[in-house]
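The residues making up each chain are set out below.
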Amino acid sequence: MELPPLKIRNISVKYPIIQGGMGVGISWDNLAGAVAKAGCLGTVSSVGTGYWRTEAVRTINGRPLKPANFHSSANLKAILRSAIAKSEGQGAVGANILCAVTDYERQVRDSVEGGARYIISGAGLPLRLPEYVGDADVALIPIVSSPRVVDLICKRWKRHGRLPDAIILEGPKSGGHQGYTYEQCLEPEYQLEAMTPRVYEACKAWGNIPLIVAGGIWDRKDIEKFLEMGASGVQMATRFIGTHECDAADTFKRVILGSKKNDIRLIKSPVGYPARGIVTTPLVQRVLAGHRPKIACISNCVDPCNHGEESNRVGYCIADSLADARGGKYETGLFFSGSNGYRVKKLQPVQEVIEKLVGLRADDDTWEEEREVPEESPFVRAVAATAG
Ligand SMILES: Cc1cc2nc3c(=O)[nH]c(=O)nc-3n(C[C@H](O)[C@H](O)[C@H](O)COP(=O)(O)O)c2cc1C
């Protein structure tokens, strides 16, 4: 099967692959630019852009102060412009903006000004996204977890004369925050394969909105499987951590390269959703052991955390820990990964990964499949217990 091009609104790219946004700072200009240059959609993460160039923002002990500096407007626009320059006119560059962030509306407007051709938005319902974008010719792509959410968003957006230009269904094998409860993440009916036909039908009913699927997609065989189920494309993130261009520090990449299947689990997050990451690292281990020092909220990054209230309940600050992971601080970092993280065995150029995915190279990496382990996680239970 030859992979078809991907068409979303007025964007048309060679391959049906979107590189998923990865915050904090795992997908900025280098990764997004390289993915776009290779003929796909390269997504800049809009969260915590103050860390891109801390010299340009106000900090306290190296932490960007308040949302205006943590989610820096100037840095976000500069990252997008840099990614667009690196794409050399190929593919397309867009932004991933979490609904849960403080200053959501401003980040949407900044992304439009920075030249994003599309906005992907999840971790909450992006109900007002069309209003914030206004007349700008930007494709709007909500992330959903069920057909019900498709209906909810479409009904609301229709009142403003718009429908989503595509929909991303993200299943529970994805990295970072999940759109499901911990229990749902483990149940067969919420897995991507089971949910795809249902969400496809909802997209069809609203006028054949292109469906993109995400979470646990690794190789060409996976891509073909979901295209045959009606998807127009896939969103992939974890596999792109194993690239030279990925914007994370080498330590972050080494943590993923060194991980075992069993090390990648769901943990509790101050954002209010379970999150998938590496649980054998020092920060998570300290939290599990009940070590929970008082956390002072400096960046006020997401609304659900309520100025650090949830951080103190859960035992770590999401902004500080994700930024530390990106910066290579092993002791204090939180390392997000999709359930396939253990399959990343080496670093390679983005171009090579894409050539393997689209079948231009026959030598796709092979992995010894590790023994299937039950997802049931003692870690999440322990974190939940300590969270009181
Ligand atoms: C390190 C990491 C950080 C992520 N951060 C975000 C984020 O900030 N916003 C978001 O919508 N999704 C985020 N995701 C989810 C990805 O965009 C993507 O949809 C998902 O990981 C796809 O599954 P895969 O990693 O198995 O390919 C993140 C994933 C990873 C691995």
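For the structure itself, look to the data block above.
Below, the structure is looked at part by part.

Each value, and the rule that gives it
- Residues numbered from 1 in each chain as written.
- Predicted model: local features only at pLDDT ≥ 70, side-chain atom pairs only at ≥ 80, totals over all residues.
- Heavy atoms only, no water.
- Helix = DSSP H or I, 4+ residues; strand = E, 2+ residues; numbered from the N terminus.
- Buried < 20%, exposed > 50% of the residue type's maximum accessible area, 1.4 Å probe, protein only.
- Polar contact = N/O pair within 3.5 Å; in protein donor to acceptor, adjacent residues only side chain to side chain.
- Contact = heavy atoms within 4.5 Å.
- Pairing = 2+ DSSP bridges.
- Axes fitted to C-alpha atoms, helices over the stretch in contact; angles between N-to-C directions.

## Focus: the side chain of His177
Note that His177 resides in strand 11 (residues 176–177). Judged by relative accessible area, which is 17%, His177 ranks as buried. Polar side-chain contacts of His177 include one of 2.7 Å to the side chain of Ser269. For His177, the residues in contact, after removing those within four places along its chain, are Glu170, Ser269, Val271, Tyr273, Pro274, Ala275, Ile318 and Phe336.

## A short note on the side chain of Arg276
When you line up the elements, Arg276 lands in strand 15 (residues 275–278). The buried category is assigned to Arg276, whose relative accessible area is 2%. From its side chain, Arg276 meets the backbone oxygen of Ser174 in a polar contact 3.4 Å long.

## Concerning the sheet that holds strand 7 (residues 92–96)
The strand order 3-4-7-8-9-10-12-13 describes a closed barrel built from eight strands, whose pairing is parallel. The average undirected angle you get between the axes of adjacent strands in this sheet is 25°. Summarising the sheet, strand 8 (residues 118–121) and strand 9 (residues 139–144) pair through four bridges and their orientation is parallel. From the neighbouring strand, Ile120 faces strand 9, where its bridge partner is Ile141.

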